[in-house]
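Inside the fold
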Amino acid sequence: MSKFVLRRIGLALITLFVLSVLVFIGTQLLPGDVGRRILGPFATQDAVDALNARLGTDRPVLIQYWDWISSAVTGDLGFSISFSRPVTELLGRALANSLKLGALAFVIVVPLSLAGGILAALKRGTLIDRIVTVGGLSATVIPEFVSGIVLIVVFAVFLGWLPGFATAPAGSGFVTQLRHLILPAIPLVLVLFGYIARITRAGVIEALDADYTRTAILKGLPRSTVIRRDVLRNALLPTIAVIASQVGYLIGGLVVVEVLFGYQGVGKLLFDAARNADFPLLASGVLVVGAAFQVSMLLADLAYSWLNPKIRLS
Amino acid sequence: MDRAKQRARMERLDFIRRRSNPVQNHVIDELQYGKLTRREFLRKGSLLGLSFPVMGVILAACAEDTAGTTTTGAGATTTTVAGATTTTAAGGGPTTTAAAGPMTVRTALPAPAVGIDPVLINDEGGLAVFGQAAEYLIFSDDELTPVPVLAESWEPNADGDVWTFHLNPSATFHDGSPVTAEDVVATVQGIAEGNAASAFETFGVDPGAVVAVDPQTVEFTLTQPNGAFPFFMSSDNYNAAILPVSFWEGYAEGSYEQSFIGSGPWVNESFEPGVSAAYVKNEDYWGDNSGQPDRMEITFFADEAAAVTGFQEGRFDTVPHISYSGATPLLESPDANVTSISTAQHRQIYFDTSAPPFDDPRVRQAIALTLNRPSLIEGLLGGFGVVGNDHPIWENYPMYNPDAVAQREEDLATAQQLLDAAGYGDGIEAPLDTLVFFEVEDLAQLVAGSAAQIGVNLTVGVYDSGTYYNDYWLAAANSMGIVNYGHRGVPNVYLGAPLLSDGTWNASHWVNEDYDALFDQFATAGDLDTQREIAGQIQTLLNEEVPFIVPYYVDHISVSSPSFSGLEVTGMGHYSVVGGSLSG
């Protein structure tokens, strides 16, 4: 097991390195230079050149990359070019915000979609099955900005039940913060529900039709026991992989939701960094999101092996 | 009025005249001979360093009707009156309506694009935040009047190329140290060395020629005369808030956010980039801020819709600047007071005049004639704007010459004739490049649609601002483009860099020696009469040559809750709630 974990960590590090190179190349392809983006269109070229020199963005790209990556491996993610602040400070706050929103969405969507998928499978071909599958699919294809706007208009503006502005006032307690995050979490739940529920449903149906399930039933075991011990344990394997693969999205891919609901998470921070050609912030942010993704996939693999006796990681 | 009083006033006027320099006396002459209105005199006089009490004496001596002072804004329009009660004290900072009990004013601003740094800020969110704790020598208000702040008075020499500013001796920074001439010098030199976007060189300032004459007097020797120089040391030059020498000695990118030091009525309590900021009342403020709210909270937004939602929820008392499209859901709401002020902000639809087909003025005139400007204002701005006439001298500038040239209106027949005469009767194919900015993208489509009526087919390209300014703006070749110019208290910036033959922002590549000479005369003119005469020539020349179309000027729209009053805004994007009060 430990050999497997070490191998996965090694692979994750290689992946992150490749990711950092790709992000670096991507930032070099962004049009315009950093000094121009910071000083604005009407700054003189001399001013832009001088700022680029001070920031070091006029140096050869390989030197810039080496400076950044060699510091990053020691935990120093550098200084944001546009915000003139340590990247760790900016990223830390944004990451905390994203984790709150992502966690809330997770807490809602995982049990909901698992229950929906299992119920649909157990009631295969009935109205409930149709509601879960068609409703889930419909919810998944609605873009976040559409569902988000509808939620804001209905629940924040007309009914006034929940805040449409996700950032809670400074010093707010847990309940207030939670209240501010409910509406932005719902579009994420809608997007993920259909996907996870359908995978769950397919897995449960496959397990229900499997020989071992038939054998367990013929042995006279109670149906609930069969479902709990034999069906779900096997049926949830693909579901776990799907859920784990959404962690990266929930942490770093919520640009639309964060902008729409006025929330400073990692997605919006990375969007601003890309707009300002803020390489240290952008690259570090992508690395953090990538690392979170890798960790979640590793945990998924471990859970997979624990649930499936056929897989032995050692 | 009895003769003794009249005589006493004339004696005081004579006394003032003896102490005034020739330029100031010229303004007094213009008032006496009816060439200036009272408002124009107040504006021009304060620009030239006459204090408000002195101008009051002059007005009293020059006219029988001398009671009170003018309060009508230059072109200010109000859609829904918010009941604002803030006034500006003569020769001092703002005075405020007394508020009952502790009060927190909550505002929403666009997130600053970069950190709050006196050298680097270049966007509205940044300057609006910067202007809360820091103050300028002069505040250029929404009536285009230079209001004394840290400088209590100023005056030029006879040639207008040396300007002397006298600082308010009571002004202090948040740490208690006095605001001195050395701080002004350090600020100018610090910004110039930091290569700020608003480079002082553009305004004829040699940073090395700014001298502290004594602790309360600072002298600027300009590279050429400039009759409007105080505006360039005002809030119009938003980087130029005065910060202490000690700050500049330790300056580095990002260092300002460590202290948010300034001399203003607000002291920064917290600042989280992209999220929020909070300020508390400066209890030791050097001016009168007795009625100031106790606290101000700013929430930053990336998308205007989020600010509107927050406002509708009652999360904000005021959103100092909002677009027409953002304000639309609030226009009919009883829970929102939507107000607007007229500004000089405008869009320029420029042509590459250096090469065919736009090197022929008839082609440019033809396209300008296809636009239905009132419809554009109604459709794109909901009526929150005024028509432009293809020159950047806004009708509310005192030097605007209303008799110079008739308003250009839609005339497709003449447009077609001009195009035929230019040899392009078979039509033109050209790109029209612009950036994502408020309604500009839609404007580009409407311009293309209008031009198509005479066979000019424009292919619209819309880019993010970085790409546009880097790859398209000044590189226009056989093409057209649309760019935005923000509000300024005087039109010198609009008339200089975008239009001079060697102008650094001359996207039209327009070269005209006559214009260059006119601009020199305009910039150095000491009296308004001369400036207005030259402005008339400039308006006519630009309207005929059309290096760019100015389709309209854009109003600055604000929204406040009915329970809040006292918001002050400028077309530049500064705002103040120092005079704000909440009821209910």
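Residues numbered from 1 in each chain as written. Chains lettered and ligands numbered in written order. Predicted model: local features only at pLDDT ≥ 70, side-chain atom pairs only at ≥ 80, totals over all residues.

1. Some details on the overall build of chain B
The number of helices and strands found in chain B is 19 helices and 26 strands. Expressed as a percentage of the 584 residues in chain B, the buried residues total 55%. Counted over contacts in chain B with a minimum sequence separation of 6, partners at least 24 positions apart contribute 72%. (Helix = DSSP H or I, 4+ residues; strand = E, 2+ residues; numbered from the N terminus. Buried ≥ 20, exposed ≤ 12 C-beta atoms within 10 Å, placed from the backbone. Contact = placed C-beta atoms within 7 Å.)

2. As for the overall build of chain A
Scanning chain A for helices and strands turns up 14 helices and 0 strands. Overall, chain A shows an N-to-C arrangement of helices and strands of α-α-α-α-α-α-α-α-α-α-α-α-α-α. Each principal axis of the C-alpha atoms in chain A carries an extent, and together these give about 85 × 55 × 35 Å. Of all 314 residues assigned to chain A, the portion counted as buried reaches 40%. Within chain A, counting contacts between residues at least 6 apart in sequence, those at least 24 apart form 70% of the total.

3. Points about the interface of chain B and chain A
Chain B puts 36 residues into the contact, and the matching count from chain A is 37 residues. Going through the elements one at a time, β11 (276-281), β12 (295-301), α10 (304-312) and α16 (465-472) of chain B are the ones with two or more residues in the side of chain B that touches chain A. For the side of chain B that touches chain A, the per-class residue count stands at 15 nonpolar, 14 polar and 7 charged. (Nonpolar A, V, L, I, M, F, W, Y, C, P; charged D, E, K, R; others polar.)

4. Brief notes about the nonpolar core
Judged by nonpolar contacts, the single largest core of 248 residues is most densely connected at V189 of chain A together with Y136, L137 and L150 of chain B. For this core, the element with the most residues is helix α8 (residues 174-208) of chain A, which contributes 15 residues. Among residues more than four places away in sequence, those in contact with L137 of chain B are V149, L150, A151, F165, M233, S234 and I242 of chain B. (Core = buried A, V, L, I, M, F, W, Y, C linked by C-beta atoms within 7 Å.)

5. Observations regarding the pairing of strand β22 (residues 556-560) of chain B
Residue and element names in this part refer to chain B. In terms of burial, β22 is a largely internal element, 5 of the 5 residues being buried. Bridge count for strand β13 (residues 318-322) against β22 is 3 bridges, and the pairing is antiparallel. Bridge pairing in β22 places I322 opposite I557. (Pairing = 2+ DSSP bridges.)

6. Overview of the packing of helix α9 (residues 211-218) of chain A against helix α10 (residues 223-245) of chain A
Any two packed helices are characterised by the angle at which their axes cross and by the distance between the axes. Residues and elements named next belong to chain A. α10 packs onto α9 with a crossing angle of 155° between their chain directions and a minimal axis gap of 10 Å. It follows from the interaxial angle that α9 and α10 lie roughly antiparallel. Considering how the two elements wind past one another, α9 and α10 form a crossing that is right-handed. Of α10, the residues touching α9 (which contributes Y212, T213, A216 and I217) are V226, D230 and V231. Its residues assigned to classes, the contact of α9 with α10 comprises 5 nonpolar, 1 polar and 1 charged. (Axes fitted to C-alpha atoms, helices over the stretch in contact; angles between N-to-C directions. Parallel < 35°, antiparallel > 145°, perpendicular 65-115°, else oblique. Left-handed = near helix turned anticlockwise from the far one by under 90°.)

7. Remarks on the sheet that holds strand β8 (residues 205-214) of chain B
Residues and elements named next belong to chain B. With respect to topology, 4 strands assemble into an open sheet ordered β6-β7-β9-β8, the strand pairing being antiparallel. A strand with exactly one partner marks an edge of an open sheet, and here the two such strands are β6 (151-156) and β8. On average, each strand axis in the sheet is inclined to that of its neighbour by 20°, with strand direction left out of account. Sheet analysis places strand β7 (residues 162-167) next to strand β9 (residues 217-222), joined by 5 bridges and oriented antiparallel. Residue H166 lies in a different strand from β9, and its bridge partner there is T217. Its contacts with the sheet place helix α6 (residues 181-193) against β7, β8 and β9, and it is angled at close to 170° to β8.

8. So, unusual backbone geometry
Residue and element names in this part refer to chain B. Going from P356 to P357, the amide bond is cis rather than trans, its omega being 0°. Looking at the element boundaries, P357 is found in the loop between β15 (346-351) and α12 (361-369). In this model, F438 sits at a positive phi of 40°, which is unusual for a non-glycine residue. The topology assignment puts F438 in the loop between β17 (428-435) and α15 (440-452).

9. Comments concerning the pairing of β11 of chain B
All names here are of chain B. Here 6 bridges tie strand β10 (residues 266-272) to β11, and the two strands are oriented antiparallel to one another. Looking at the pairing, N268 lines up with Y279 of β11. Counted between consecutive antiparallel strands, the loop separating β10 from β11 contains 3 residues, among which G274 sits at a positive phi close to 75°. Strand direction decides the pairing type here: β11 and β12, joined by 5 bridges, are antiparallel. Bridging across to β12, S276 finds its partner in T299.

10. Concerning the environment of G117 of chain A
Turning to its location among the elements, G117 of chain A is positioned in helix α5 (residues 87-122). Sequence-wise, G117 of chain A and L30 of chain A are 87 residues apart; in three dimensions their C-alpha atoms are separated by 43 Å.

11. Some details on the packing of α5 of chain A against α8 of chain A
Residues and elements named next belong to chain A. For the pair α5 and α8, the least separation of the axes is 5 Å and the interaxial angle reads 30°. Here α5 and α8 pass one another in a crossing that is right-handed. The residue inventory of the contact of α5 with α8, partitioned by class, reads 22 nonpolar, 5 polar and 3 charged.

12. Description of the confidence of the model for chain B
All names here are of chain B. Per-residue confidence for chain B gives a mean pLDDT of 86; residues scoring 70 or more make up 87%. Scored below 50 in pLDDT, residues 64-99 makes 84 contacts in the model with residues more than four places away or belonging to other chains. On the interface metric, ipTM, the complex scores 0.78, and its pTM is 0.80. (pLDDT = per-residue confidence, 0-100.)

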